[in-house]
Amino acid sequence: MATVRRPATRARTAVFAPIGDAGRAVRVEQRLEQAIRSGILSDGERLPSEPELAAMLGVATVTAREALVALRAQGLVTTTRGRGGGSFVNRPVVAVDGVAHQRLLAMTRVELGDHGTLYATVLSGCAELAAERADAEEVEELREIVLSADVESADPDGAARHADTELHLAIAALTHSARLAREVMRIESDFGVLLRLPFEDAHHRRAVRAHQLTVIGAIADHDGAAARARMRSRVRDALGDLAELQTGLR
Amino acid sequence: MTRTQSVGTDAVADAVQEFFQPLLASLRASGDAIAPLFDSPAVTSEEVLRASRPFAFDVLQDPHTVGAGFVVSPGLLTDETYLLAWWQGDDKGRIPESAALVQSTDYSRQEWFRTALRTGRSHVTGPYIDYVCTDEFVLTLTVPVIRAGRTLGVMGVDVLAETIERALVDVFREAHATLVNHHDRAVLSGDPRIFAGEPVDRQDYRSAVPCTDLPFTILT
């Protein structure tokens, strides 16, 4: 299994931020699970070693080990021994899509609209604050996340989903609110997975990329109102496409 | 692209009536049964609760419902100004015994109370988030309870917006129709891009057919 190297970003830094005194194996497990399912951690990438992970998260080594055992049991992590060995992310892309399609089918339109409203409101609020607070370098990091999505790759929708999730987490991090960043992580691994189902369509991917660049443009201009409005229409369009997809599945 | 309309507006209108009219009939019957209690010169909240309970439970027999009850016009009781004789949930518990917010709530300005009594006709409010009782996205159906010209209150029932969607979305989709309330907010739409509660512009539609006895319009 190849080791994927990725640059450090705010979203990734948040994944490995100290988890605190109340940290338990289950919280470590949940945080890593969310990061794997939402695509912040890439398929095949090597996780830090148990002692490194423990040090980064501020928990005992035995706690980190326990979390990794649980992630292995879930099939989200594979561990190899010996030289070059370690724990690797094993993202079940197809299974996640299947589960997401099932969830979408089981949802009423009222529920879909409800999730969409929460998601749009939180993300557009983050975009507004990010526009007020981001410096030029941070804006450049956002742009790199979007442009890193290789649309010509073997898995273009996977790459685009990954980049879009990471963009949202990075924008949330720019609000400087840890609670808001955690909330965005939560809604990304919950509803975000559904909202990105339409990425299977190349037309949708192009439309999202255009939206992403206009949102980043407004953040670069420190125009909070525009960033809010553009993020809102980005989510709004995606929600419409998702609703069409749901209707089509029925 | 030509859109084939296999279901006409009549069929949609019939489906709407079939959903709402049995509930309204049930509310009217319950209200008529409770009303004679107020012939007595002094009525207590305890008496109203005792008299209303079996009728609220009758209304709740309909699986589409999440809550039902009788809401007394302010000032008619000897011991309380306001009284929501209302039961909800799977356990049919009475709200709002613990909720101080609800106890002191003046519901006389709420649409579901005021409009039914002002017009003297049944009314449907919503969809709206009912933060007082269920915390859910609901529609509230109310009928006025009036005896010998005296306004006693309203008999009402809550239905989840989701329940209406489940019951009616197929026929609305086939007819490419949208149901709006009298504030032109969507109750339900066959168009996937229109969500319940959103404002809808009538000008975007060819026809607008009002629903008999309901504050709704079917847009196609």
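So, here's what we can say about the structure. Computed from a predicted structure; not experimentally measured. (Residues numbered from 1 in each chain as written. Chains lettered and ligands numbered in written order. Predicted model: local features only at pLDDT ≥ 70, side-chain atom pairs only at ≥ 80, totals over all residues. Heavy atoms only, no water.)

### Description of the overall build of chain A
To be explicit about the condition: Here a strand is any run of E in DSSP of at least two residues, a helix any run of H or I of at least four, and the numbering for each starts at the N terminus. Any residue under 20% of the maximum accessible area for its type is buried, any over 50% is exposed, and the rest in between are partly exposed; the area is computed with a 1.4 Å probe on protein chains only. Throughout, a contact is declared for two residues whenever any of their heavy atoms are within 4.5 Å. The Shrake-Rupley method, run with a 1.4 Å probe sphere, supplies the accessible areas, and residue values consider only the shown protein chains as cover.
Counting its secondary structure elements, chain A contains 11 helices and two strands. When the elements of chain A are put in sequence order from the N terminus, they spell out α-α-α-α-β-β-α-α-α-α-α-α-α. Burial status across chain A gives 50% buried among its 250 residues. Partitioning the contacts of chain A with sequence separation of at least 6, the portion at a separation of at least 24 is 75%. About 11,500 Å² of surface is accessible on chain A, with carbon and sulfur atoms providing 52% of the total.

### Topic: the interface of chain B and chain A
Many authors give the size of an interface as the accessible area that is lost as the parts come together. Going by this rule: Summed over both partners, the accessible surface that disappears when two parts come together, traced with a 1.4 Å probe, is what is meant by buried area. Take a side-chain nitrogen of Lys or Arg and a carboxyl oxygen of Asp or Glu: if they are within 4 Å of each other, that pair is a salt bridge. Note on residue categories: nonpolar means Ala, Val, Leu, Ile, Met, Phe, Trp, Tyr, Cys or Pro, charged means Asp, Glu, Lys or Arg, and polar means any other residue, Gly included.
The interface of chain B with chain A comprises 15 residues on the first partner and 15 residues on the second. For the chain B and chain A pair, buried surface summed over both sides reaches about 1,300 Å², with 52% attributable to carbon and sulfur atoms. Per-residue buried area on chain B facing chain A is highest for Pro192, Arg193 and Phe195 of chain B; these three make up 48% of the total on that side. Where chain B packs against chain A, one counts three salt bridges. Arg193 of chain B is the partner of Glu244 of chain A in a salt bridge, and the nearest nitrogen-oxygen pair spans 3.0 Å. Counting residues per element, the side of chain B that touches chain A draws most heavily on helix H5 (residues 161-175) of chain B, which supplies six residues. In terms of residue class, the side of chain B that touches chain A is made up of seven nonpolar, one polar and seven charged.

### What to know about the pattern of salt bridges
Throughout the structure, instances matching the rule amount to 17 salt bridges over all chains. Put simply, Asp106 of chain B and Arg109 of chain B hold a salt bridge, and the shortest N to O gap is 3.6 Å. Using a relative accessible area of 61% as the deciding quantity, one classes Arg109 of chain B as exposed. Its salt-bridge partner being Asp170 of chain B, residue Arg173 of chain B comes within 4.0 Å of it at the nearest N-O pair. With Arg173 of chain B and Asp170 of chain B both in helix H5 and three residues apart, the pair spans about one turn of that helix. Residue classification places Asp170 of chain B among the partly exposed residues on the basis of a relative accessible area of 48%. One continuous salt-bridge network, built from bridges that share partners, spans Asp164, Glu188, Arg196 and Arg234 of chain A.

Coordinates in, geometry out; function isn't part of it.
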